[in-house]
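Below, each chain spelled out in residue letters.
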Amino acid sequence: MKVFYLFFFLCLPGWILGQTLQGQVIDKATKIALIGAMVENVDRDITIQTDFEGRFEIEASIGDSIRIIHVFYEPIARRINSLEITFKMKEAMYVLSDPVLIAVPDKYKYAHSFERIEKSDIPSNVVQGQQDIYNAKPGLFMHAGALNTNRLTIRGIGSRSPFSTTKIRAYVNDIPITTGIGESNLEDINLSFIEKINIYKGPTRPVFGAGLGGAIHYSIRNHTQDNIQASNQLSVGSYGTLKNNTEFSIKHKKLYVAANYDRLLSVGYRAHNRVGRHIFSSVGFLDLKKGALKYYINHTDLSAQIPSSLSEIDFDVNPRKAAFNWQQADGNEQNNRSYGGLSYELPITNHWMTKNIIFAGRYFNDERRPFNVLNQTSAFVGFRSVNTVEYLRKRGEFLFGTEMYREGERWNTRETLDQGAGMLLSDNQEQRTYVNIFLEHLYRWKFLHLRTGLNLNATRYQLTDFLLTNGDQSGQYRYKPILSPFISLEYKTKDHYLYYLSISHGYSIPTLEETLTQEDLINEAIEPETGYNVEVGMRRKIGQWEIDAALYYMYVFNLLVPERVTEDQYIVVNAGVTGHPGVETTIRRYYKLGYQYYLKTNFSYQYGPHRFIQFNNKNQDFSGAFLPGNPNHRAHAAFILQHYRGKLAWSHQLVSKMFADDANTIEVPGYYLSNLHAEYQIWANRFWSIRIHASVNNIFNEQYASMLAVNPRSFGGNAPRYLYPGLEQNYFAGVQVGYKL
């Protein structure tokens, strides 16, 4: 506490001596105060919002350029000659595309598949998983088996991963969080700490590693106004669930530091389904005389029981039960993950910017399963450098850099006993190393932009086998370097029309576990997945309407197909050639319903009949069959009634049937889900605010499978298990108390 007071009084002189612009924003015709207008000091890069009386205070000096934007009014921009001004805004004849500070959304800067999830799209204190947020976007589909078991797919890529998100690169503030085996633990991301999520679909730009599925970039929010902020949010709801989120931040001049602690406890919807989780996150930046220094750290501690999947009979009769063998063996996982990074941005010249990032992490996992007890320990370190050089008055731009990663993991399995673990079954150590080198070039004509690029990947595994009962598997295993080209051409007009064409190449490297045969021998015939994607699309903003549409076709060679050969073991084969055609579209519109009220409508649809083009396995020809684990049709509609104090949101999702096996003999019915969410700020003044929220999910109590295990098999005369039951109708409510000084 003494340190806090010392910091406070050291900062106090800067707050007292700084000049402040005090003002009010009103409607020019009615003289009514405008609440929630965005006030920006362009010269100082500071942004605030007006309060309930339309008033604001912002750091400024005489001569500074001030810009004011409101969703229903024409923008104002002027240099101030006084430190006390009333701004009068004229109502616009049209509505801007989104109630954000930048009138032209960032998506009009990208000539390839791109989705953005804004802070306003994320409900307060996400409790029962993140799937509803991602599934609102076309091309994205998140399976959710439990709070600790999620799998995000993009355009069908990654749907065959048994229990986690793979083949999709993930970054937080440019810091890579994807592991050396290609997994991204998205459930570790505390969404209450996130400002926006950018999602790049399909084989994407070289700077993001040319991942076959795409890339996700999370941006942590920060404050531009000097202050101290603190908040605590508590939510309670169905299945004995309690979630508490505490956040604290300090912004003073060139320094910003924020920390967030998130605690989740849940008995769970199903038997043997208890979850306890801690997430601590912290972010900060310091603007230096030259450049900027930033950091991000995250630690997750998880303790969870595992109910596993159900057979079709159990799913229909009693979806709340756990798999018998998992409950009998007390199947559970105890793990903790930590990672973070430090970045330094430096302008070398007026036209050359460099960003260098050092990142590292560690992972411990103990998982008790019916067939064995798994113990894992790993640590990684990496370096990423991105350089941007502009020329010809920013008409041309070179982007180049590298990403290097090295991870070491020691893992073993032991026999599962009634209590504890028994005989050693396997004992291995792995060293995984990869290097990405990327280069991009962008040239801008008046209405035409051309971007080209290359990504070069080199990956190597080194295995040390400490248990030689089935032979020594030690050795080095590497793949040929993979060169992934990228090209995009866009035509963009002044009135926010964008048309684009892109051709890209991506890859996915098999993990060492995926190269093992049923006898635990290395299968050196396994090849990396590679694919080409061709896409045309458009983005148009016509008055109050926004329309996005994309048509794509992706060829994937050597798709990695897992097959369950025993209850505890998968083997992987390459599946020849698969085709991923698709259509994606989104239509949005805003309606002004009266003073400070507006209605936001959103409709999205995707059609993706992904099929095997050529695949023969064990004398069976699966050519022409649909890829399992993916619905051909998905539609999502949302209606959001917004007011400056809160919002009421209703969403409805339709998912078509899916297949659970390569032969398309196991069909999983489609379903629809409706959710209702409300938030309201019941009280606020200059320092304090109180906000309440409530949700009703699965309003019509639909029974559905929220996750599938692909290619199930039966063992010991039992029916195959492959269905994870989704949550029945459930409820949540909470309150948030905030303080700002």
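Structural data are supplied above this passage.
Residues numbered from 1 in each chain as written. Predicted model: local features only at pLDDT ≥ 70, side-chain atom pairs only at ≥ 80, totals over all residues. Heavy atoms only, no water.

Enquirer: Sorry, what's going on with unusual backbone geometry here?
Expert: Leave glycine aside and you will find that most residues have negative phi; peptide bonds, for their part, are mostly trans. Backbone geometry places Leu392, a non-glycine residue, at a positive phi of 50°. One can find Leu392 in the loop between β25 (373–391) and β26 (396–416). (Helix = DSSP H or I, 4+ residues; strand = E, 2+ residues; numbered from the N terminus.)

Enquirer: Could you clarify how one ought to interpret the sheet that holds strand β1 (residues 20–27) in this entry?
Expert: Within a sheet, neighbouring strands are paired by backbone hydrogen bonds and run either parallel or antiparallel to one another. Strand order in the open sheet made by the three strands is β4-β1-β7, with mixed pairing throughout. Two strands lie at the open edges of the sheet, namely β4 (55–59) and β7 (84–89), each paired on one side alone. Taken pair by pair, the neighbouring strands of this sheet meet at an average axis angle of 30°, ignoring direction. The pairing of β1 with β4 spans five bridges and is antiparallel. Among the inter-strand pairings, Gln24 is bridged to a residue of β4, identified as Arg55. (Pairing = 2+ DSSP bridges. Axes fitted to C-alpha atoms, helices over the stretch in contact; angles between N-to-C directions.)

Enquirer: Hey, could you run me through the packing of aromatic side chains in this one?
Expert: For the coordinates displayed, the defined rule picks out 28 aromatic pairs. Their ring planes at 50° and their centres at 4.8 Å tell us that Tyr553 and Tyr555 sit as a pair that is tilted. For Tyr553, a relative accessible area of 31% corresponds to the partly exposed category. The interplanar angle of 20° and the centroid separation of 6.5 Å between the aromatic rings of Phe687 and Tyr739 together place this pair among those described as stacked. With Phe687 in the loop between β45 (671–684) and β46 (688–697) and Tyr739 in strand β49 (residues 730–740), this residue pair connects regions lying 52 residues apart in the sequence. On the basis of relative accessible area, Tyr739 is assigned to the partly exposed category, the value being 28%. Three or more aromatic residues link up through ring pairs in this structure, and these residues are Phe114, Tyr171, Tyr200 and Phe208. A cation over a ring is seen here: Arg155 above Tyr552, with NZ or CZ 3.9 Å from the ring centre. Between the NZ or CZ atom of Arg410 and the centre of the ring of Phe466, over which it lies, the distance is 4.1 Å. (Phe/Tyr/Trp six-rings, centres within 6.5 Å; stacked < 30°, edge-to-face > 60°. Buried < 20%, exposed > 50% of the residue type's maximum accessible area, 1.4 Å probe, protein only. Lys NZ or Arg CZ within 6 Å of the ring centre and 35° of its normal.)

Enquirer: Is there a simple way to think about the environment of Tyr461 in this case?
Expert: Topologically, Tyr461 is positioned in strand β28 (residues 448–465). With relative accessibility at 3%, the residue Tyr461 sits in the buried group. Residues Tyr461 and Glu115, spaced 346 residues apart in sequence, show a C-alpha to C-alpha distance of 34 Å. At 2.5 Å, the side chain of Tyr461 and the backbone oxygen of Pro510 are in polar contact. (Polar contact = N/O pair within 3.5 Å; in protein donor to acceptor, adjacent residues only side chain to side chain.)

Enquirer: So what exactly am I meant to see when it comes to the pairing of strand β30 (residues 482–492) here?
Expert: Regular strands show a simple pattern: their side chains alternate between the two faces of the sheet. Of the strand pairs in this sheet, β28 and β30 are connected by ten bridges, and their pairing is antiparallel. Each bridged residue has a counterpart across the sheet, and for His449 the counterpart in β30 is Glu490. Sheet analysis places β30 next to strand β31 (residues 497–508), joined by seven bridges and oriented antiparallel. If you follow Lys492 over to β31, its bridge partner there is Leu498.

Enquirer: I'm lost on a positive patch on the surface in this one. Help?
Expert: A cluster of like positive charges, contributed by Lys28, Lys31, Lys88 and Lys90, occupies part of the molecular surface. Positionally, Lys88 belongs in strand β7. (Patch = residues over 30% accessible without salt bridge, like charges linked within 9 Å, V, L, I, M, F, W, Y side chains within 5 Å. Areas by Shrake-Rupley, 256 points an atom, 1.4 Å probe, with all protein chains shown as cover. Salt bridge = Lys/Arg side-chain N within 4 Å of Asp/Glu carboxyl O. Lys, Arg positive; Asp, Glu negative; His and termini not counted. Charge placed at Lys NZ, Arg CZ, Asp CG, Glu CD.)

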